[in-house]
Every structure is written in C-alpha cells, then in structure tokens.
Amino acid sequence: MLAKRIIPCLDIKDGRTVKGVNFIDLRDAGDPVELAEIYSRAGADELVFLDISATEQKRKTLAELVYHVAEKVNIPFTVGGGIASIEDVDILLKNGADKVSINSSAVKNPQLINDLVAKFGSQCIVVAIDAKQIDGEWVVHLVGGKVPTDRKLFEWAKEVEQRGAGEILFTSMDHDGTKDGFANEALSELSDALNIPIIASGGAGTMQHFADTFIQGKADAALAASVFHFKEIEIKELKEALKKEDIPVRL
Amino acid sequence: MDETYEETMNIVIIDYGAGNIQSIKFAINRLGYEATLTHDVEEIQAADKVIFPGVGEASSAMKKLRASGVDVILSKLEQPVLGICLGMQLMCSFSEEGNTKGLGIFDVDVLRFSNGLKVPQIGWNKIENLKSELFKGLKDDYVYLVHSFYAPIDDEAIATSTYGLRYSTALKKDNFYGVQFHPEKSGDYGARILENFLKL
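Residues numbered from 1 in each chain as written. Chains lettered and ligands numbered in written order. Predicted model: local features only at pLDDT ≥ 70, side-chain atom pairs only at ≥ 80, totals over all residues. Heavy atoms only, no water.

What follows deals with the overall build of chain A. Assigned secondary structure in chain A consists of 10 helices and 11 strands. Viewed in the frame of its principal axes, chain A has a C-alpha envelope of about 45 × 45 × 35 Å. Counting the 251 residues in chain A, one finds 59% classified as buried. Put simply, of all contacts in chain A between residues at least 6 apart along the chain, 65% involve residues at least 24 apart. For chain A, the exposed area adds up to about 10,400 Å²; of that, 48% sits on carbon and sulfur atoms. Distance from the positive charge centre (29 side chains) to the negative charge centre (40 side chains) of chain A: 3 Å. (Helix = DSSP H or I, 4+ residues; strand = E, 2+ residues; numbered from the N terminus. Buried < 20%, exposed > 50% of the residue type's maximum accessible area, 1.4 Å probe, protein only. Contact = heavy atoms within 4.5 Å. Areas by Shrake-Rupley, 256 points an atom, 1.4 Å probe, with all protein chains shown as cover. Lys, Arg positive; Asp, Glu negative; His and termini not counted. Charge placed at Lys NZ, Arg CZ, Asp CG, Glu CD.)

This is the structure we're talking about:
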C-alpha cells in the first residue's frame, strides 16, 4: 500500500538554510546538505528546498546546491523558488533534482506547465498553489501570499491537472504559521476533485494535525518546516503515532 | 586481485537523453564504485554491468533509444542488465503509453493504472514476494516509485506491490532485471538492492 509521505521543507537563501534550525548535533546549522542528510536518516520520505534568494548568482548557486544534495542524499527531493523556464528546470534536473515546483511563473504563464510536462514528463513537475479565503472564497495568491490574483483555487487546481502537472502542493496562507492544523476542508475538496496527488502545507503544529490532514483532508503527503526544524516533532515518533491510527507510513 | 575488483568493475549507465541519470551515478559512487555515462554501443557491450534508466514518456524515450542505436544491441547483451523505472517498461513487449512497441525482453504488456486511482503513483510503496539474488538478504520494505503505467504480474515477476491491484515491481529473465522503483532514491534499502545487482 502506498504510504503517506512526511516532507520537511528547507528554505534556502544564497545556498544556505535561512529559517532557524534547532539541531544541536548539526556542525553547521546553515548547511542544507547536512540538514538534508539528517532528515533523511530521521525517516523523512522526501525533501523540499525552497530557494528565496533574489541575486543574479541565484541559478548557479542553486544548481550547485542541488548537485551536492543529490551526491549525498538517497531520498527524493523537490526544488522550488523562482523557476520560470525550461532552462531553469533543465539544469536542476541534470544536477540531480527529482522534481521541481513552480508557482508564480505558472500563474503568469500557464502554458509553462504544458511545456515543462512535454519536455520532462508529469512525474517531475509539481505546481505549488498559495491561497487564502477572501469573502468565503479561496483565492490564489502570489509572492508568498501577499498579492491576490483573479484565480480561484479549485478552478486553478483543475487547470493545473489538465495541463499535466504530476502533483499539487497546496499551501493555505490562512493556516501557514498558525500551528493550528492544515486546511483540511479545502484539501479534501481538492483531493476529491482531482486525480493527482495533493501535498498539504501550512498549519502543522501537532502530530494530530498530520493524522487529521491524512484522514479528513485526504492528503497524500504533508509538508512542514518549523515543527521539524525546532524539533517540536520528531519524524520517527510522528510516523509511529500515525501508524497507530492505521495510516500507512514508511517506518 | 579481489581487492581491486570494485575499482575496476566497468559499470555503464546508458545515457540516451531520457531522464535523471545523475542520481544513479551518485548512488553507485556512494557504494564505492565508478560508473560511465554513455550511449556508445561498443562501450555498453564491453561493460561488466549495464544500467538502463529512463523517466518521461514511453514512445518518445523509445524514439531516443532507437536514435542512439542502443535498441538493437540491448536485448542481445549477456552481462547483467538492470532497467530502472521507464527503462524496465521499455524492456517489456509493449506499453499502452503512446502504444509503444518495447524491446520484448520481458514477455508482458505495460498498462495504465485505472479505477479512479491517483495517477501517477508517487511515493513509497512496499515490495513483497521477493525472489532472486537481487533481493538477497532483504525482507519486504518500502521503495520509492513514480509511475502511471505498470507491468501486470507474470512468471517473470520477482517482486510485487499493491496499488489498487497487485502488479510486478520487479522482473527478471536470464541476465535481465527490471525494477519499477528507483533504487537510487529508496534510502539505504534501495542502496542494498543496487549493491546486490553490482555484485551479481
């Protein structure tokens, strides 16, 4: 049976991890490669690297980082952040990334999804969608949830699937950072409406939140950052707790 | 000269422009071996071990394989050959993906997952009913898979998984092995499988 996935997310700036991490056994708290190895050993099923740097060197630095992660880490990983062209994707995949995630560039130019899928295949194209509720409607946002668009979550998600994306990473900006649980109602609706895997993001605070998003939210995977970085939740303990609730996990 | 065997083993990863082969090379390096990426027919024929990777769409991958000329020699190789993911599927008789004729090494037709399952299957699934020295010393465990098409179970199956239905996650015929999963991305367990192949 296919296991539900637990995915730590690492924010990267200029080749270094940015969000504070609380690992006493880490030699270099800013080294994404070392952190990735630790998460891999701890039982993470997959990793996401989100590059938030905005320098001209960005592409090269990110490609180098991907190369070093692929060299050391034996679980799959996705790279996102500012990816906007076939060339951007090509170099990341060639350097060893398993998947890339695109967000704003897909909203601005939806044809990019088709082009990437045609060139690289659905299996490596993740579309990230950030949304929040405005007057009871889920509205797609850009720039980390700062800029609203005229797109609605469910319509956009359906379009993304039809254009060939292999997976959707849905972040609820209403839940992100609250540690109050994932947006399970919207996630469940997405899962029912679509036929591709959905990764839940935004709101993880407790182990029960993960169980809830897998059962009520019908999510295929759950992504979180700070609860893992600050060791509020240990992945192994989390998976043992999920297993007790009959949720299939890789232990 | 047993102690130098690892360094001198000639491992080739077929590079025909279909897929992420860097990760396979790194996985082999982590096991202490070197591997050459090539589509040169003579180099492939001279190798001790041949790895046939592949991701993407079957018919276009098959076109690239034909363009490289590797399709003609692959099924005639006598050393151990390991097809990974789409590589395994192209070693089958036929694939529903783009109605593609395969290399016909494995006598099975590759079909698309249906019945309302989420497609692609992405993530970790368990492999069971393990046979052959590829899984020597290993018990059932999780491997990483990304695929929309599958090989139905036949007598060539050396591992099975369940996704809506039971299907073959690994196949073997003579010196040819195929795995639907990515050993290079399946943690330490996947590394053991890759190592078993290299030690055949």
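Time to look at the packing of helix α1 (residues 32–42) of chain A against helix α2 (residues 58–72) of chain A. All names here are of chain A. Where α1 contacts α2, the axes come no closer than 9 Å and their chain directions differ by 35°. Considering the relative orientation of α1 and α2, their crossing is right-handed. Residues P32, V33 and E37 of α1 touch α2, and the partners they reach there are L65, H68, V69 and K72. By residue class, the composition of the contact of α1 with α2 is 4 nonpolar, 1 polar and 2 charged. (Axes fitted to C-alpha atoms, helices over the stretch in contact; angles between N-to-C directions. Left-handed = near helix turned anticlockwise from the far one by under 90°. Nonpolar A, V, L, I, M, F, W, Y, C, P; charged D, E, K, R; others polar.)

Moving on: the confidence of the model for chain B. Within chain B, residue pLDDT values average 93, and 96% of them lie at 70 or more. Our summary of model confidence lists the complex with pTM equal to 0.94 and ipTM equal to 0.93. (pLDDT = per-residue confidence, 0-100.)

One recurring pattern in soluble globular proteins: nonpolar side chains tend to sit buried together. In this structure, A:L47, A:F170, A:F210 and A:F228 are the most contacted members of the largest nonpolar core, which totals 79 residues. When neighbours within four sequence positions are excluded, A:L47 is seen to be in contact with A:I7, A:P8, A:L10, A:A36, A:Y39, A:V73, A:I75, A:P76, A:F77 and A:T78. In this structure, B:A27, B:L145, B:I158 and B:Y189 belong to the second largest nonpolar core, which totals 38 residues. (Core = buried A, V, L, I, M, F, W, Y, C linked by side-chain atoms within 4.5 Å.)

Okay, the environment of A:V69 next. Tracing the backbone shows A:V69 in helix α2. A sequence separation of 92 residues divides A:V69 from A:E161, and the C-alpha atoms of the two residues are 29 Å apart.

Counting residues at the interface gives 28 residues for chain B and 36 residues for chain A. Interface area for chain B against chain A, summed over the two sides, is near 2,500 Å², with a carbon-plus-sulfur share of 53%. The largest per-residue losses of area from chain B upon contact with chain A belong to B:K118, B:I122 and B:W124, which jointly make up 29% of the total buried on that side. Across the contact surface, chain B and chain A share 2 salt bridges. The interface formed by chain B and chain A includes 14 residue pairs in polar contact (both at pLDDT 80 or more). (Buried area = accessible area lost by both parts, 1.4 Å probe. Salt bridge = Lys/Arg side-chain N within 4 Å of Asp/Glu carboxyl O. Polar contact = N/O pair within 3.5 Å; in protein donor to acceptor, adjacent residues only side chain to side chain.)

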